[in-house]
Amino acid sequence: MKTSLLLCLATLIAAPLALAADKAVDFPKATPILTFNLPDTWQVDFKDDAIMATPTKDDDSVIVEVDEMEAGPNTYDAALKEAKDTVSEFKNLKWDEIQKGDKDGLGIAILNAEGEDDNGKAFINLVLIAKPSSKNFILLSCISSKEGSDKFGPAIGAMIGSLKAK
């Protein structure tokens, strides 16, 4: 787990260099308050003011979802609980220490975990995003299989590293 965390942090630092062939994705679509980058080849679907993205239409080894949370910006503990509840179907969850910071006009808390589901080992990255003008937290969830993490780890790190306020 520590190795994957270090890889993620190293990727965040190198993210601006890795974004040359990426496309910007705005959230929410109608009145964006944040933007991030995904590889041009990724499938991005907007549904009910939420985003779901996968490496391709047929590859769900990595699933990225972005949605507004119920928890408001002054309810951090409630937002943490709500975020963790979104992955409650995973078993044997082992959470890393929460990383907090500010990035390009956004308050960010990153929760990384490993767990298991019916398909095997899963890597979970939950990013709580707060913008001072937002009414609620935004949750960016990235869940990947071992294969998806190995293949798309740099793209996942670059995506998180590209988050910024609109």
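Our structure's up above, just so we're on the same page.
I will try to describe carefully the structure that is included in this document.

Remarks on the overall build of the protein
The number of helices and strands found in the protein is 3 helices and 11 strands. Scanning the protein from its N terminus toward the C terminus, one meets helices and strands in the order α-β-β-β-β-β-α-β-β-β-β-β-α-β. In the protein, which comprises 166 residues, the share counted as buried stands at 46%. A fraction of 50% describes how many contacts in the protein between residues 6 or more apart in sequence connect residues 24 or more apart.

Describing the layout of surface pockets
Gaps between atoms show up when a probe of the same size as a water molecule is rolled over them. By volume, the largest pocket amounts to about 470 Å³. Taken together, 25 residues line the largest pocket, and the ones lying closest to its centre are Ile63, Glu65, Phe90, Ile143 and Ser144. Breaking the lining of the largest pocket down by element, the ones donating at least two residues are strand E5 (62-68), strand E9 (120-130), strand E10 (138-145) and helix H3 (146-161). Among the residues making up the lining of the largest pocket, the classes are represented as 9 nonpolar, 7 polar and 9 charged.

Brief notes about the pairing of strand E4 (residues 50-54)
The buried count for E4 comes to 4 of 5 residues, which makes it a mostly enclosed element. The turn joining strand E3 (residues 43-47) and E4, which pair antiparallel and follow one another in sequence, is formed by 2 residues; a positive phi near 50° is taken by Asp48.

Structural notes on the pattern of salt bridges
This structure, assessed with the given rule, holds 5 salt bridges. Here Asp104 ties to Lys103 by a salt bridge, and the two come within 2.6 Å at their closest N and O atoms.

Observations concerning the nonpolar core
Formed by 26 residues in total, the largest nonpolar core has its most connected members in Phe36, Val64, Met159 and Leu163. Of all the elements in the fold, those that place two or more residues in this core are strand E1 (22-27), strand E2 (34-39), E4, E5, strand E8 (106-117), E9, E10 and H3. What Phe36 contacts, discounting residues up to four positions off in sequence, is Lys23, Ala24, Val25, Ile51, Val66, Met159, Ser162 and Leu163. Ala79, Leu80, Ala122 and Leu139 belong to the second largest nonpolar core, which has 17 residues in total.

Considerations on the sheet that holds E1
Read from one edge to the other, the open sheet built from 3 strands follows the order E1-E2-E11, with strand pairing classed as antiparallel. Every other strand in the sheet has two partners, leaving E1 and strand E11 (164-165) as the edge strands with one partner each. Bridge analysis of E1 against E2 gives 6 bridges, and the strand direction is antiparallel. Along E2, the bridge assignment pairs Ala24 with Asn37.

Reading guide: rules and limits
- Residues numbered from 1 in each chain as written.
- Predicted model: local features only at pLDDT ≥ 70, side-chain atom pairs only at ≥ 80, totals over all residues.
- Heavy atoms only, no water.
- Helix = DSSP H or I, 4+ residues; strand = E, 2+ residues; numbered from the N terminus.
- Buried < 20%, exposed > 50% of the residue type's maximum accessible area, 1.4 Å probe, protein only.
- Contact = heavy atoms within 4.5 Å.
- 1 Å grid on protein atoms, 1.4 Å probe; cavity = no way out; pocket = protein on both sides within 12 Å on 5 of 7 lines; lining within 4 Å.
- Points joined across faces, edges and corners; volume = space filled by probe spheres on them.
- Nonpolar A, V, L, I, M, F, W, Y, C, P; charged D, E, K, R; others polar.
- Pairing = 2+ DSSP bridges.
- Salt bridge = Lys/Arg side-chain N within 4 Å of Asp/Glu carboxyl O.
- Core = buried A, V, L, I, M, F, W, Y, C linked by side-chain atoms within 4.5 Å.

Any functional reading would require information that these geometric values do not contain.
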